[in-house]
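Results of the structural survey
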Amino acid sequence: MRATFKLKQDLLIEVHRDLSRPHAFAAERVAFMACRLAATPRGICILAKNYLPVDETHYEDDPTVGAMMGSSAIRAALEYAFNHKAAMFHIHRHDHHGAPRFSAVDEREAARFVPDFLKVAPGLVHGALVLSYDRIHGQWWNPTTRTFRSIDEYVTVGFPIITQKDSSR
Amino acid sequence: MNDLSRQSFLGADCDMVVTGTTAAIVGLCGGGSHVAQQLAHIGIGRFVLCDPDVVEGSNLNRMVGAVAGDAVLSRAKVDVIAERILAINPAAEIARCKGPWQEFSGELRGATSVFGCVDNYADRAQLETMCRRFLIPYIDIGMDVTEFGSGGFAISGQVIVSMPGRACMRCLGFLTDALLTAEAQRYGAAGGKPQVVWPNGVLASAAVGKFMSMILPWYGCGTGPAIMTEYDGNTGQLFASRRLLTLEGRRCAHFDGPDDLGDPFFRLLPGA
């Protein structure tokens, strides 16, 4: 089953603008993307709907990582997923050009909190995205196998339409 | 596969982009038949062709690629155009959707872009809504022949790019409730509207140009094509619609509701 992630160009610009803002103590910003889902002939399509920055006060001061969300950040995102029946994707950026990759810390943390979204919004697809300045990489949590699977394709919809294949495999 | 070297200025990855692109065309007569064949020449790799009709003698004045024998045999327009595409590019993959496009929304939602070449406002409104729901750029073309009081005629038309997040056909004032209501009241009463081949060719070429500028922008920078181009068939001029002047800086509010994206009742099936 192929997974395609689509978002509007204006929304991607908004995401980059927000993730570029400095934080009082965290080295990077984190956020969630609330998405809707659709079945396609070849699999599923994840459609980005709303960008939800983590509140300033929901970061924890942890100098060993770029940014650490507190439990209130996760709770707010879970509440949003429940209230809006949203597919939730954690999102952050690595500040470079070219294909981004999740770090070991990113993967460990995502494996901890992403499955929780299935408890409040079951039947949906949740996951995590990491951006670079010009590319996207993401994973969705498959509840059947209890493993992450890479998103196969990313489409930025605007002038121009940019289609990016996943380059992790 | 075709030799696409003469269009290599479109970018080093031109071949890969065009073969990986899926173009859906709804309506395969005057406008859609032109669009389909131009896209085949460009090397577009996958097509979704939708039309419920068969070729009739009255289509032959404008359906490029159709011949008299197609009308005699009442061949499906989808099959005739698929045959033309494959004659140009035998490697093209084609989904043949012979019926109302609404029955093939599964095929349409996988498209890179949808061309609407239909002749009524209700279909346009529904196609745009479907495309916005799945974040698909929708390109609409249409022409009209209007009789002057003095006995002359005016040929006009338009190409609209409805890009998710940008102005829609309602923002542009092209679709209104009044138009849709009036059309619904005329349902079944309208005869065949006047249609001729050359305005369809002009509008289809403009539409294909806008599509190509979206998938392989050759101009390096800028904001992309005008989202509404109008055609004055009496003077032979294409021009950016003056309606665009009223939209500067405005966001579309017609497709921004909480449930306007995706399948409303999507559930991932166990074992997926």
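Rules behind the numbers
Residues numbered from 1 in each chain as written. Chains lettered and ligands numbered in written order. Predicted model: local features only at pLDDT ≥ 70, side-chain atom pairs only at ≥ 80, totals over all residues. Pairing = 2+ DSSP bridges. Helix = DSSP H or I, 4+ residues; strand = E, 2+ residues; numbered from the N terminus. Axes fitted to C-alpha atoms, helices over the stretch in contact; angles between N-to-C directions. Contact = placed C-beta atoms within 7 Å. Parallel < 35°, antiparallel > 145°, perpendicular 65-115°, else oblique. Nonpolar A, V, L, I, M, F, W, Y, C, P; charged D, E, K, R; others polar. Buried ≥ 20, exposed ≤ 12 C-beta atoms within 10 Å, placed from the backbone.

**Considering the sheet that holds strand β7 (residues 228-232) of chain B**
Pairing between the strands of a sheet comes from backbone hydrogen bonds, and it takes one of two forms, parallel or antiparallel. All names here are of chain B. What the 8 strands build is an open sheet, ordered β3-β2-β1-β4-β5-β6-β7-β8; its pairing is mixed. Looking along the sheet, the strands with just one partner apiece sit at the ends: β3 (93-97) and β8 (237-240). If you compare each strand with its neighbour and ignore which way they point, the axes differ by 15° on average. With 4 bridges connecting them, β7 and β8 associate as antiparallel partners. Residue E230 lies in a different strand from β8, and its bridge partner there is F239. The sheet contacts of helix α4 (residues 77-88) involve β2 (46-50) and β3, and relative to β3 the element is tilted by about 170°. Packed on one face of the sheet, helix α8 (residues 197-215) meets β4 (113-116), β5 (138-147), β6 (153-162), β7 and β8 and runs near 160° to β5.

**Overview of the packing of helix α6 (residues 121-133) of chain B against helix α7 (residues 177-185) of chain B**
All names here are of chain B. α7 packs onto α6 with a crossing angle of 130° between their chain directions and a minimal axis gap of 9 Å. When the interaxial angle is binned, α6 and α7 end up oblique. Residues Y121, A122 and A125 of α6 touch α7, and the partners they reach there are L179, L180, E183 and A184. Split into classes, the residues belonging to the contact of α6 with α7 amount to 6 nonpolar, no polar and 1 charged.

**So, the environment of F5(A)**
All names here are of chain A. Residue position: F5 is located in strand β1 (residues 2-8). Overall, the presence of 26 C-beta atoms within 10 Å leaves F5 in the buried class. In this structure the C-alpha to C-alpha distance between F5 and A24, which are 19 residues apart in sequence, comes to 31 Å. Excluding its chain neighbours within four sequence positions, the residues that come into contact with F5 are I46, G138, I151 and Y154.

**Here's the deal with the interface of chain B and chain A**
Contacts between chain B and chain A engage 27 residues on the former and 25 residues on the latter. Here the side of chain B that touches chain A is built from residues that sort into 14 nonpolar, 9 polar and 4 charged.

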